[in-house]
Amino acid sequence: VLFRSAEGRRPDLDNRFNCGMEPGPRERERNTVQTASVTFTRDTDAYGGVLDSDNPDPAEVETAFRAIAARVDALEQQAPASIKSDVSAMADATRQLIDLFEKYDWDVAALMASDDLSTIVTLMDSDAISTADERLEQYSEETCGIDTGS
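Residues numbered from 1 in each chain as written. Predicted model: local features only at pLDDT ≥ 70, side-chain atom pairs only at ≥ 80, totals over all residues. Heavy atoms only, no water.

Let's talk about helix α7 (residues 127–142)
Next, step 1: With 16 residues, α7 extends 22 Å between its outermost C-alpha atoms, agreeing within 8% with the 22 Å of an ideal straight helix rising 1.5 Å per residue.
Next, step 2: Among the residues of α7, those classed as buried are Ile-129, Ala-132, Leu-136 and Tyr-139. The arc that holds every buried residue of α7, seen down its axis, measures 90 degrees, which confines them to one face. The exposed set on the far side of α7, more than 90 degrees from its buried face, consists of Asp-127 and Glu-134. (Helix = DSSP H or I, 4+ residues; strand = E, 2+ residues; numbered from the N terminus. Expected span 1.5 Å × (residues − 1). Buried < 20%, exposed > 50% of the residue type's maximum accessible area, 1.4 Å probe, protein only. Arc of directions from axis to C-beta.)

Laid out in structure tokens, this is it:
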């Protein structure tokens, strides 16, 4: 109690720093320290690089998309309420894309030659996905201070 009164009022944080803090950006619990963390296990540029080849190896495609699926699942579970529906929409679209790749044994050429290609295009070009993507970029920039380059 003595230390708490000596600390005074908690400092205000710019809104861009209110991203995923524990126990929360506006909470002060006894004997706590505000922390935030992010874990990058692989540069996300590497995921897209698999598809840059003229003839991607199906095993590498599967590995990349399974890693993406794991990240998407984790992100969906941890998403703040204000963007939960947008994260879920993007996660659902990603899972549908992964299901199609799996249907064609991770063979990009086979998927591209199939009638299912139009399903991917329609899904990714939908208003729901475009809107969710825009809101997630806005949240990333305004709340987390992440420059998305948009």
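Focus on the pattern of salt bridges
Next, step 1: The full count for this structure, using the stated rule, is 7 salt bridges.
Next, step 2: In this structure, Arg-95 engages Asp-92 in a salt bridge whose closest nitrogen and oxygen atoms are separated by 2.9 Å. Of this pair, Arg-95 and Asp-92 both sit in helix α4 (residues 84–103), 3 residues apart, roughly one helical turn.
Next, step 3: Given a relative accessible area of 27%, Arg-95 falls into the partly exposed group.
Next, step 4: For Asp-92, a relative accessible area of 37% gives the class partly exposed.
Next, step 5: Within the structure, one salt-bridge network assembled from shared partners comprises Asp-73, Glu-76, Asp-92 and Arg-95. (Salt bridge = Lys/Arg side-chain N within 4 Å of Asp/Glu carboxyl O.)

Section: the environment of Val-61
Next, step 1: Mapped onto the secondary structure, Val-61 falls in helix α3 (residues 58–78).
Next, step 2: With a relative accessible area of 0%, Val-61 lands in the buried category.
Next, step 3: In this structure the C-alpha to C-alpha distance between Val-61 and Glu-102, which are 41 residues apart in sequence, comes to 9.8 Å.
Next, step 4: Apart from residues lying up to four places away in sequence, Val-61 is in contact with Val-50, Leu-51, Pro-56, Phe-101, Trp-106 and Val-108. (Contact = heavy atoms within 4.5 Å.)

A short note on unusual backbone geometry
Apart from glycine, the bulk of residues carry a negative phi angle, and the bulk of peptide bonds sit in the trans form.
Next, step 1: We note that Asp-105 has phi near 50 degrees; this positive angle belongs to a residue other than glycine.
Next, step 2: Secondary-structure assignment places Asp-105 in the loop between α4 and α5 (108–112).
Next, step 3: For Asp-105, a relative accessible area of 59% gives the class exposed.
Next, step 4: Even without being glycine, Trp-106 reaches a positive phi, approximately 65 degrees.
Next, step 5: Since its relative accessible area comes to 5%, Trp-106 is described here as buried.

As for α4
Next, step 1: For α4, built from 20 residues, the straight-helix expectation of 28 Å at 1.5 Å per residue is met to within 8% by its first-to-last C-alpha distance of 28 Å.
Next, step 2: At the C-terminal side of α4, Asp-105 shows a positive phi close to 50 degrees.

Quick notes on the confidence of the model for the protein
Next, step 1: The predicted model of the protein averages 77 in pLDDT, with 67% of residues at 70 or higher.
Next, step 2: By mean pLDDT, the top-scoring element of the protein is α4 (93), and the lowest-scoring one is helix α1 (residues 2–7) (48).
Next, step 3: In this model, residues 1–5 is a region of pLDDT below 50 whose contacts with residues beyond four sequence positions or in other chains number 3 contacts. (pLDDT = per-residue confidence, 0-100.)

Considering the environment of Glu-60
Next, step 1: On the secondary structure map, Glu-60 appears in helix α3.
Next, step 2: The exposure class of Glu-60 is partly exposed, given its relative accessible area of 45%.
Next, step 3: Glu-60 sits 46 residues away from Trp-106 along the chain, and the two C-alpha atoms are 8.6 Å apart.

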